[in-house]
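What follows is each chain in one-letter form.
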Amino acid sequence: MLRAGIVGLPNVGKSTLFNAIADNAKAEAANFPFCTIEPNTGLVSVPDERMDKLQKIVNTKVVIPTRIEFVDIAGLVRGASQGEGLGNQFLSHIRQVDAIVHVVRCFEDPNITHVEGSIDPERDISTINLELALSDLTQIEKRQQKIAKQARTDKAYQEELKVLERLTEALDQGTPVRLVPLTAEEQAILDNSNLGLLTGKPVIYATNVSETDLAKGNAFVEKVKAIAQQEHAGVVVMSAQVESELVELLPEDRTDFLASLGVQEGGLQSLIRETYSLLELITYFTAGEKEVRAWTIRRGTLAPQAAGVIHSDFEKGFIRSETIAYEDLVAAGSYAAAREKGTYRSEGKEYLVKDGDVLHFRFNV
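Keep in mind that this is a model prediction, so the values were computed, not measured. (Residues numbered from 1 in each chain as written. Predicted model: local features only at pLDDT ≥ 70, side-chain atom pairs only at ≥ 80, totals over all residues. Heavy atoms only, no water.)

**Student:** I'd like to hear about the overall build of the protein, residue by residue, with values.
**Tutor:** Within the protein, the secondary structure is distributed over 14 helices and 12 strands. Split into buried and exposed, the 365 residues of the protein put 48% on the buried side. Across the protein, every contact between residues at least 6 apart in sequence was considered, and the portion connecting residues at least 24 apart equals 67%. Of the roughly 18100 Å² of accessible surface on the protein, a fraction of 48% belongs to carbon and sulfur atoms. (Helix = DSSP H or I, 4+ residues; strand = E, 2+ residues; numbered from the N terminus. Buried < 20%, exposed > 50% of the residue type's maximum accessible area, 1.4 Å probe, protein only. Contact = heavy atoms within 4.5 Å. Areas by Shrake-Rupley, 256 points an atom, 1.4 Å probe, with all protein chains shown as cover.)

**Student:** Before we move on, could you go through the pairing of strand E5 (residues 99-105) and cite the residues and values that matter?
**Tutor:** Of all 7 residues that make up E5, 7 are buried, and the element is covered over most of its length. Of the two faces of E5, the one holding Ala99, Val101, Val103 and Arg105 and the one holding Ile100, His102 and Val104 are both buried throughout. The pairing of strand E1 (residues 2-7) with E5 spans 4 bridges and is classified as parallel. Across the sheet, the residue bridging to Ala4 is Ala99, located in E5. (Pairing = 2+ DSSP bridges.)

**Student:** An account of the pattern of salt bridges is requested, with residue identities and associated values reported.
**Tutor:** Applying the stated rule across the entire model yields 14 salt bridges. Two residues, Arg166 and Glu186, come together in a salt bridge whose shortest N-O distance is 3.0 Å. One end of the pair, Arg166, is in helix H5 (residues 155-172); the other, Glu186, is in helix H6 (residues 184-193), with 20 residues separating them in the sequence. By relative accessible area, which is 30% here, Arg166 ends up partly exposed. Given a relative accessible area of 19%, Glu186 falls into the buried group. Its salt-bridge partner being Glu265, residue Arg273 comes within 2.2 Å of it at the nearest N-O pair. (Salt bridge = Lys/Arg side-chain N within 4 Å of Asp/Glu carboxyl O.)

**Student:** If you had to explain the sheet that holds E1 to someone new, which residues and values would you point to?
**Tutor:** Across a sheet, paired strands are connected by hydrogen bonds in the backbone, their directions being either parallel or antiparallel. Read from one edge of the open sheet, 6 strands run E2-E4-E1-E5-E6-E7, paired in mixed fashion. Looking at which strands have only one partner, the edges of the open sheet turn out to be strand E2 (40-45) and strand E7 (234-238). Mean inter-strand twist for the sheet, computed between neighbouring axes without regard to direction, equals 25 degrees. Where E2 lies against strand E4 (residues 67-72), 6 bridges are found, and the strand directions are antiparallel. Its bridge partner being in E4, Asn40 is matched across the sheet by Asp72. (Axes fitted to C-alpha atoms, helices over the stretch in contact; angles between N-to-C directions.)

**Student:** Break down helix H11 (residues 303-310) for me, with residues and values.
**Tutor:** Buried within H11 we find Ala303, Pro304, Ala306 and Ala307. Down the axis of H11, the buried side of the element spans an arc of 160 degrees, and every buried residue falls inside it. Residues of H11 that are buried in the fold lie against strand E8 (281-287), strand E9 (292-298), helix H12 (312-316), strand E10 (318-325) and strand E12 (357-363). (Arc of directions from axis to C-beta.)

**Student:** Which residues make up the packing of helix H1 (residues 14-21) against helix H8 (residues 240-247), and what values go with them?
**Tutor:** It is at 8 Å that the axes of H1 and H8 come closest, and there the two elements cross at 25 degrees. When the interaxial angle is binned, H1 and H8 end up roughly parallel. The element H1 and its partner H8 pack so that their crossing is left-handed. In contact with Thr16, Leu17, Ala20 and Ile21 of H1, H8 contributes Ala240, Glu243, Ser244 and Val247. Here the residues of the contact of H1 with H8 sort into 5 nonpolar, 2 polar and 1 charged. (Parallel < 35°, antiparallel > 145°, perpendicular 65-115°, else oblique. Left-handed = near helix turned anticlockwise from the far one by under 90°. Nonpolar A, V, L, I, M, F, W, Y, C, P; charged D, E, K, R; others polar.)

Don't take any of this as a statement about function, it's just geometry.
What follows is the structure, given as structure tokens:
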């Protein structure tokens, strides 16, 4: 399951946003720093209209969407990498996520205190990024010290030291690990080190605006977009306050409410869409009388590995995948009709699963 950590300075709207988007957990939101002491976790169902049509075709009552796990991590402050504001504890939680959602305050409100005393997205982003970089440097230094002795005689460790030195130089120059060009071999070395470097994780900047700026953004948002472009990061414009209001509305009333604000979708949908795009994720489906279920995989995944997402035995004993594109199944109206049209077919181990594929795996263990 994909895990995304919500980070940012205190009082930028992290916990309010988390409360609104998480369907099984609530974090305490209050107008003071560090109201969230432990990381709060919530599972969010990924909306997908395609599942409704699949449900009708296979005539099942059970629909199981794929989910994203969001982790609300307490506000970081300047000096977090040295332990300020319980920083080291919170930074360790970020190492366990797949992507970082960096909430940036882009609204003025004299009633909500800013930890730095003013609204300045560039400064706030720089503060968080610096603490993440300093934490990474500490992690790298510890690793270098740990393998220094083995590297005297072991070529593998010598190669790892070279990679770590490159990353140190980049971080010292203000370049995050995710922007350092690494060969496949160097990336494998880094992955095997299990350092979980924070600046190596994909980032989405969630600009938290007032509801009046939700449709068109503002000058603060433009500054964040400029930074994101330089960092190859994602950006979504959202309003934690609007998300909170959406939770209180009936589903049929939400579209009209969003339309009144000049937008077509809520912040959660925008965030999910950007997360999938940034991480190159796609969805395939299994659909039968028992259930319709969505599964998330990375673009470029072969059929056996896609089967392994369901169960490791499916991958080990993979024989073939009975496959049909979502659009073809809807057009046919049933599996039987799709077989007659020739759109329901068998694919082998080299098949690259596509977004929207409806799959039935054949395996033998």
